[in-house]
Amino acid sequence: MLKVLLPLLLKVLLPLLLKVMLMLCFLSPDGFKNYAVGHCVFNSSEMKDIEYICSFYYNKDEFIRFSSSVGEFVGYTELGVKIAERWNNDTAFLAMARAEKETVCKVNIENWYPHTLAKKVAPSDVTLSSVTPPGGKHTHMLMCSVYDFFPKHISVKWLRDGKVTTSDVTSTEELADGDWYYQIHSHLEFTPRSGEKISCMVEHISLSDPLIRDWDPSLPESERNKIAIGASGLILGLILSLAGFIYYKRKMQGQSAGPVQTSSDQFNLFCLGHWTSLYLCSPVLVSLYRSRPP
């Protein structure tokens, strides 16, 4: 019964499948039974590069296929061979299958190829950064990160003094961002040499010339800012300490001719002279000191 119904069922459903390029599945409690898939294979929008393929499966095994490059149906099982022979002898049905390359593939490819598939987007950012090596014979590791490019294929190379190096280089695959764009990261382990110039070179179809980023061995801006802030604080501290010392010396010189210095004055001088420890004398400390003079 199945051998009689299956060819008739496929023949009725094939025109709809070829027109709208949908997958048709018949499901049963014990799994897949029958489905068909049609797709276009191409490298460009030119008709000579397009191949239309429609495959039929039963229990996940392909048993018959139509390919525009062959021009007829081919069976891969005993049942598939019989169905292919019947469909190939149906002149009108075979002509319809052969026309799908023009009516289905070409129309859709002309719409999709120039607007989506042939789109070229240059990398939005190429950065070089120093990372911690995993622990080997080298003391340094650089990472070259390339972001937001399309299409997928890209070339990332390392240059040492202008020459391409492939030793101690590892790279990730092109990683999909989920928004049609990709990113990739390449690592170079090396032992620094005096005066050596290290660069990352990116080649992509969207770039007319290779994009080169040179490694700057100086400290990154964030580290330079930290050092500048620390140095400024140190200089300010020295100035305040010197001002406190001068003030204290002048007070001591005036004690010989002036009145006796109170404990509160002594405590205020103590605060100025030891600003690095106290910075500021709070009212609580002053009151405690006055209540318990030395």
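Because the structure is a prediction, the values reported are computed rather than measured.

Quick notes on the rules
Residues numbered from 1 in each chain as written. Predicted model: local features only at pLDDT ≥ 70, side-chain atom pairs only at ≥ 80, totals over all residues. Heavy atoms only, no water. 1 Å grid on protein atoms, 1.4 Å probe; cavity = no way out; pocket = protein on both sides within 12 Å on 5 of 7 lines; lining within 4 Å. Points joined across faces, edges and corners; volume = space filled by probe spheres on them. Pairing = 2+ DSSP bridges. Helix = DSSP H or I, 4+ residues; strand = E, 2+ residues; numbered from the N terminus. Axes fitted to C-alpha atoms, helices over the stretch in contact; angles between N-to-C directions. Phe/Tyr/Trp six-rings, centres within 6.5 Å; stacked < 30°, edge-to-face > 60°. Buried < 20%, exposed > 50% of the residue type's maximum accessible area, 1.4 Å probe, protein only. Patch = residues over 30% accessible without salt bridge, like charges linked within 9 Å, V, L, I, M, F, W, Y side chains within 5 Å. Areas by Shrake-Rupley, 256 points an atom, 1.4 Å probe, with all protein chains shown as cover. Salt bridge = Lys/Arg side-chain N within 4 Å of Asp/Glu carboxyl O. Core = buried A, V, L, I, M, F, W, Y, C linked by side-chain atoms within 4.5 Å. Contact = heavy atoms within 4.5 Å.

Visitor: Residues and numbers for the layout of surface pockets, please.
Guide: Of the voids in this model, the largest pocket is the one considered here, and its volume is about 200 Å³. Surrounding the largest pocket, Ser130, His140, Leu142, Phe190, Pro192, Arg193, Glu196, Lys197, Ile198, Trp215 and Pro217 form its lining.

Visitor: Could you give me a rundown of the sheet that holds strand S14 (residues 211-214), with the residues and numbers involved?
Guide: Within a beta sheet, neighbouring strands are joined by backbone hydrogen bonds and run either parallel or antiparallel to one another. Across the sheet, which stays open at both edges, the four strands sit in the order S9-S8-S13-S14 with antiparallel pairing between neighbours. Looking at strand neighbours, the two that pair on one side only are strand S9 (163-165) and S14, the edges of this open sheet. On average, each strand axis in the sheet is inclined to that of its neighbour by 35°, with strand direction left out of account. Relative to strand S13 (residues 198-203), strand S8 (residues 155-160) is paired through six bridges, and the arrangement is antiparallel. Paired with Leu159 across the two strands is Ser199, which belongs to S13.

Visitor: Lay out the packing of aromatic side chains in plain terms, naming residues and giving numbers.
Guide: In total, this model carries nine aromatic pairs according to the counting rule given. The interplanar angle of 10° and the centroid separation of 5.0 Å between the aromatic rings of Tyr35 and Tyr57 together place this pair among those described as stacked. Placement of the pair is Tyr35 in strand S2 (residues 31-41) and Tyr57 in strand S3 (residues 51-58), with a sequence separation of 22 residues. Judged by centre distance (5.8 Å) and plane angle (10°), the rings of Phe73 and Phe93 are stacked. Of this pair, Phe73 sits in strand S5 (residues 72-75) while Phe93 sits in helix H3 (residues 91-117), and the two are 20 residues apart along the sequence. Like Phe93, Phe73 is buried. Among the aromatic residues, those joined into a cluster by ring pairs are Tyr52, Phe56, Phe66, Phe73, Trp87 and Phe93.

Visitor: Give me the lowdown on a nonpolar patch on the surface, citing residues and values where you can.
Guide: Nonpolar side chains collect at one region of the surface, where Val70, Val74 and Tyr76 lie side by side and expose about 260 Å² of accessible area between them. You can see Tyr76 is positioned in the loop between S5 and helix H2 (78-88). Accessibility expressed as a relative area gives 45% for Tyr76, which makes it partly exposed.

Visitor: Quick rundown of the pattern of salt bridges? Include the residues and the values.
Guide: Tallied over the full model, the rule gives six salt bridges. Between Arg160 and Glu196 there is a salt bridge whose closest N-O contact spans 2.6 Å. Linking Arg160 in strand S8 with Glu196 in the loop between strand S12 (182-190) and S13, this pair joins segments that are 36 residues apart in sequence. Each member of the pair, Arg160 as well as Glu196, is classed as buried. In this structure, the salt-bridge partner of Glu196 is Arg193, at a minimum N-O distance of 2.8 Å. What emerges from the salt-bridge pattern is a single network uniting Arg160, Arg193 and Glu196.

Visitor: I'd like a rundown of the nonpolar core, residues and numbers included.
Guide: Grouped together as the largest cluster of nonpolar side chains are 18 residues, with contacts concentrated most on Cys144, Val146, Trp158 and Cys200. For this core, the secondary-structure elements that each account for two or more residues are strand S6 (125-131), strand S7 (140-149), S8, S12 and S13. Excluding residues that lie within four positions of it along the chain, Val146 makes contacts with Pro123, Asp125, Val126, Ile154, Val156, Tyr182, Gln183, Ile184 and Val202.

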